Amino acid sequence: MWQRTGEWILRYRYALVVLFIFLTGYLGYQASKVQMSYEFAKAIPTDHPQYQYYLQFKQTFGEDGNLLTIGFIAEDFFSVSTFNRIGAFEEQLRKVEGVDDIISVHRSVHLKKNDSTGQLQAVKIFTEGLSNQTILDSLSGVFRNLPFYRGLLYNPDANAYLIGLRINKNVLASKQREQTVGAVEQLANAFAKESKMDLRMSGLPLIRTNVAMRIARELNWFLAGSLLLSALILFIFFRSVGTMLLSLGVVILGVVYSLATIHLLGYKITLLTALIPPLVVVIGIPNCIYFLNKFHTAFVKTGDKRGSIVEMVSKMGVVTLFCNISAALGFAVFALTKSMILKEFGMVAGINIMGLFFISLVLIPIVLLYLPAPETKHTRYLENRWLLNVLGKIEKWVFGHRKTIYVATVVCLVVSIMGIVRLQTRSFIVDDLPTNDKIIADLRFFEQHFGGVLPLEILVDTRKKNGIAGSRALNVFEKVSAFSDSLKKYPELAKPLSLAEGLKFARQGFYDGDSNNYSIPNAFDGAFLADYLKPGKNKQSSNGSFEGLMASFIDSNRQTTRISVNMADIGSTKMPELIAQLKNDAINVFDTSKTSITLTGSSITFLEGNRFIISGLKESILWAFLFIALCMLYLFRSFQILICSLIPNLIPLVMTAGLMGWAGVAIKPSTVLVFSVALGIAIDITIRFLVNYKQELPKNKGEIMPTVALTIRDTGISIVYTSLVLIAGFIIFVASGFGSTQALGWLTSFTLLTATITNLVLLPVLLLLFKRS
């Protein structure tokens, strides 16, 4: 069959080339339209309760992650020169396209009674163009006398101040966010240089945008790096520019097709899908090496170029097909998980790894037909003395030191299991970034002085329409206030903001700004707020009034109110503990038979997303083992060979897990990903070894020992060369600025290195063991 396939490809080469030209033109156009993702990946299934809670929250109250914060320490903040300089800076920020609103000391208001109406009105504390220090001191006294802003806009203990920029939600969902965030950063850097102030910037808009932009830059660098590295290795191996360009052409087409697939499936480039084009290069080059190695081997024997091409397809077609199937399965099983980010990665990777097989199968024979016949220097690598000497020593160990190999394997497993016991599951929102990254340093500034910037939303649902209306609302807000007070004991949380705080603020204003009256209104003085709590009252959210605060903290049915809290990036280990404590506190304050308490927000969805990704990756490893085992069973029709094939690939995974434990590398999405990826690629070595073994066994009259020896010598060269390409291709990821990509690089390289050793040493020993049994 495969011999006829090779002849068919050469016979219809013109039609196939034209087909590839049109296909490449179309897919190239589609690839040019691929876009970056500017949202955190949807790791939670859309039907999961936490996702539904978060979606409902956003529909009711709007985005929770649109605040970009600028912080600084200024002991002379209320000096006229510094105050006006910062005010001018804020005015520049306000003019940036995409900035909807700014909250800051300069824009703070206090509530004053209107003598004619008796109602409270929001009055700006600081007027523009202040030039008198005495007046500014007086106004700063008014500001400091308002507990509402303490811990929210400033930290008096550290003289730390905060400017918050609300970014338009439509801008955040588009490429324009890069210009908006970039303009804010440019203004902040210029102001910091001019004023010699140490400005810190954080918030989800900044973190997400910078991460997305870095992904885009790294995609280009890793593509170029993997292509250059592959070109160098290919030229060293084959000493042929034509062969090198042929292999590069195959993987470049694979890259274009992978980007087109992302767009055609309606996906965008995320931290995971950005890895696919470099992975296509790394996985595609071995296809070329194995095809070219078989072509050169056949040509050296016969000298017939066309016949050697057909022989190459007949011998390597089925091998490469099953190798690509196994590699594709290693990735495609992610599509079986419930996590959208893994589904996208698995779908695109699986499709394009299989696409690589067809690109290689069709283009390599056609191009080889038109290239000049190989010269002696092009096939000299087949007689590499150093490599042949290494393979000879491996052969001696396989036949003469089998007990030593068993003992060494057991020792490695024991040490690895000891390391696995030390493994921990832990991840943070920004732990993919280097620990010395400015984003993390600035985040720590806000955690130290303001409790953090990551959104946590607590919804209080009275289960009744108008349950937070009129005088009945005071009882609800008394409990909201008591619950908010209980949050102060958690250093991981910032000052909670709720309508209860707004009521305290209003009561202080009603009593002429006396800070002693910053408390929830009681039954005697609450009557003055009754009008504000009535259902159906017109909301004028644009004027900063109390009605505006009502609009953003109570739903339209007056049934649910929210408590907004910023928090520190405490990680996936501490987060469940904190959530459990908060729920317990809520039970102690609210009557849960009449009131529902829901915790949501970006921080919660991150935690759930992490859990789903990790469980999905673990599940995918089991699916990968199952599908690959079925492929091996179909290919070899032998349970003995099936066991022989799986053991050498299971041991490297165990050793990698053990290394992670000893090195203190935590289990998180980026590190669990390694196992499925490495399994899908490493099994490729096993298939090539066993297929060659199966092909040579009849020629040796069923004698296993000479067949094993011959297989080590024949496949060892291409296995070693391919493993070098794979390891070098993954090692380049260590240069990434993201911890997840770095982990994929060095952990996968280690797994592939150990898989190469186990397949060249342990696999032959197992074949000999079953021969004796």
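Just so it is clear, the structure is predicted and the values come from calculations on it, not from any experiment.

Novice: A description of the overall build of the protein chain should follow, citing residues and the corresponding values.
Specialist: Scanning the protein chain from N- to C-terminus turns up 24 helices and 11 strands. Summarising its shape, the C-alpha atoms of the protein chain cover approximately 110 × 50 × 45 Å along the three principal directions. The buried share of the protein chain, reckoned over its 773 residues, is 58%. In the protein chain, of all internal contacts separated by at least 6 residues, the share reaching a separation of at least 24 is 79%. Counting every atom, the protein chain has about 33000 Å² of accessible surface; 59% of that belongs to carbon and sulfur. Charged side chains of the protein chain number 74 positive and 54 negative; the gap between the two group centres comes to 10 Å.

Novice: How would you explain the sheet that holds strand 9 (residues 497–498) if you had to name every residue and give the values?
Specialist: Reading across the sheet, the 4 strands line up as 9-10-8-11 and stay open at both edges, with antiparallel pairing between neighbours. Each having just a single partner strand, strand 9 and strand 11 (596–600) make up the two edges of the open sheet. Pairing of strand 9 with strand 10 (residues 560–567) involves 2 bridges; the strand directions are antiparallel. Residue pairing across strands places L497 opposite S564, the latter belonging to strand 10.

Novice: Go over a nonpolar patch on the surface, please, and point to the residues and values.
Specialist: Together, V407, V410, V411, V414, V415, M418 and W662 make up a nonpolar patch on the protein surface, roughly 620 Å² of accessible area in all. The topology assignment puts V415 in helix 14 (residues 402–421). Overall, the relative accessible area of 40% leaves V415 in the partly exposed class.

Novice: Please give an account of the nonpolar core that cites residues and values.
Specialist: The biggest cluster of nonpolar side chains holds 247 residues, and the ones touching the most others in it are I70, F126, L165, F331 and F477. Among the elements that line this core, the one with the most residues is helix 12 (residues 340–370), at 17 residues. In this structure, F126 is in contact with F78, F83, V105, H106, S108, L136, L139, S140 and F143, ignoring residues within four places of it in sequence.

Novice: Tell me about the pairing of strand 10, residues and numbers included.
Specialist: Taking burial as the measure, the 8 residues of strand 10 include 7 buried ones, the bulk of the element. In this structure, strand 8 (residues 454–461) lies alongside strand 10, joined through 8 bridges in antiparallel fashion. By the bridge assignment for strand 10, L456 is matched with V565.

Novice: Mind laying out helix 15 (residues 438–450), listing which residues take part and the relevant values?
Specialist: Since the α-helix turns once every 3.6 residues, residues separated by three or four places project in the same direction. Under the 1.5 Å per step criterion, the end-to-end length of helix 15 is 18 Å for 13 residues, consistent within 8% with the ideal 18 Å. With a side-chain oxygen positioned 2.8 Å from the backbone nitrogen of I439, the residue opening helix 15 is D437. Following helix 15 by one or two positions, G451 adopts a phi angle in the positive range, close to 85°.

Novice: Quick rundown of helix 23 (residues 704–731)? Include the residues and the values.
Specialist: Taking the largest bend as the criterion, helix 23 deviates by roughly 45°, centred on G716. Burial of helix 23 is extensive: 21 of the 28 residues sit out of reach of the surface.

Novice: Go over the side chain of T600, please, and point to the residues and values.
Specialist: Within the secondary structure, T600 is located in strand 11. Beyond its immediate chain neighbours, meaning those up to four positions away, T600 contacts Q50, Y53, Y54, F57, L456, E457 and L459.

Novice: Go over the pattern of salt bridges, please, and point to the residues and values.
Specialist: Under the criterion given, the structure shown has 15 salt bridges. Residue E501 is joined to K504 by a salt bridge in which the shortest nitrogen-to-oxygen separation is 3.2 Å. You can see E501 and its partner K504 sitting in helix 17 (residues 499–510), 3 residues apart, about one turn around the helix. Like K504, E501 is buried. Here E696 makes a salt bridge to K699, at a shortest N to O gap of 3.7 Å. Overall, E696 belongs to the buried group, its relative accessible area being 12%.

Novice: Residues and numbers for the packing of aromatic side chains, please.
Specialist: Counted according to the given criterion, the structure contains 31 aromatic pairs. For the ring pair F77 and Y161, a centre distance of 4.0 Å and an interplane angle of 10° mean the geometry is stacked. Linking F77 in the loop between strand 1 (67–73) and helix 4 (80–94) with Y161 in strand 6 (residues 160–167), this pair joins segments that are 84 residues apart in sequence. Looking at F77, the relative accessible area reads 2%, which means it is buried. Each ring, one from Y149 and one from F505, has its centre 5.8 Å from the other, and the planes form 75°; the classification is edge-to-face. Of this pair, Y149 sits in the loop between helix 5 (133–144) and strand 5 (154–155) while F505 sits in helix 17, placing them 356 residues apart in sequence. Both residues of the pair, Y149 and F505, count as buried. Counting every residue linked through ring pairs, the aromatic cluster contains F72, F77, F78, F83, F126, F143, F148, Y149, Y154, Y161 and F505.

Novice: Explain the environment of K294 to me, and be specific about the residues and the numbers.
Specialist: Relative to the helices and strands, K294 is located in helix 10 (residues 276–302). Separated by 14 residues in the primary sequence, K294 and S308 place their C-alpha atoms 8.3 Å from one another.

Novice: Explain the environment of L292 to me, using residue names and the numbers behind them.
Specialist: Mapped onto the fold, L292 is located in helix 10. Taking the C-alpha atoms as reference points, L292 and T243, 49 residues apart in sequence, are found 8.3 Å from one another. The residues contacting L292, other than those within four sequence positions of it, are F238, T243, L246, S247, L368 and Y381.

So, how was this worked out
- Residues numbered from 1 in each chain as written.
- Predicted model: local features only at pLDDT ≥ 70, side-chain atom pairs only at ≥ 80, totals over all residues.
- Heavy atoms only, no water.
- Helix = DSSP H or I, 4+ residues; strand = E, 2+ residues; numbered from the N terminus.
- Buried < 20%, exposed > 50% of the residue type's maximum accessible area, 1.4 Å probe, protein only.
- Contact = heavy atoms within 4.5 Å.
- Areas by Shrake-Rupley, 256 points an atom, 1.4 Å probe, with all protein chains shown as cover.
- Lys, Arg positive; Asp, Glu negative; His and termini not counted.
- Charge placed at Lys NZ, Arg CZ, Asp CG, Glu CD.
- Pairing = 2+ DSSP bridges.
- Patch = residues over 30% accessible without salt bridge, like charges linked within 9 Å, V, L, I, M, F, W, Y side chains within 5 Å.
- Salt bridge = Lys/Arg side-chain N within 4 Å of Asp/Glu carboxyl O.
- Core = buried A, V, L, I, M, F, W, Y, C linked by side-chain atoms within 4.5 Å.
- Expected span 1.5 Å × (residues − 1).
- Polar contact = N/O pair within 3.5 Å; in protein donor to acceptor, adjacent residues only side chain to side chain.
- Bend = angle between axes of the 7 residues up to and from the residue.
- Phe/Tyr/Trp six-rings, centres within 6.5 Å; stacked < 30°, edge-to-face > 60°.

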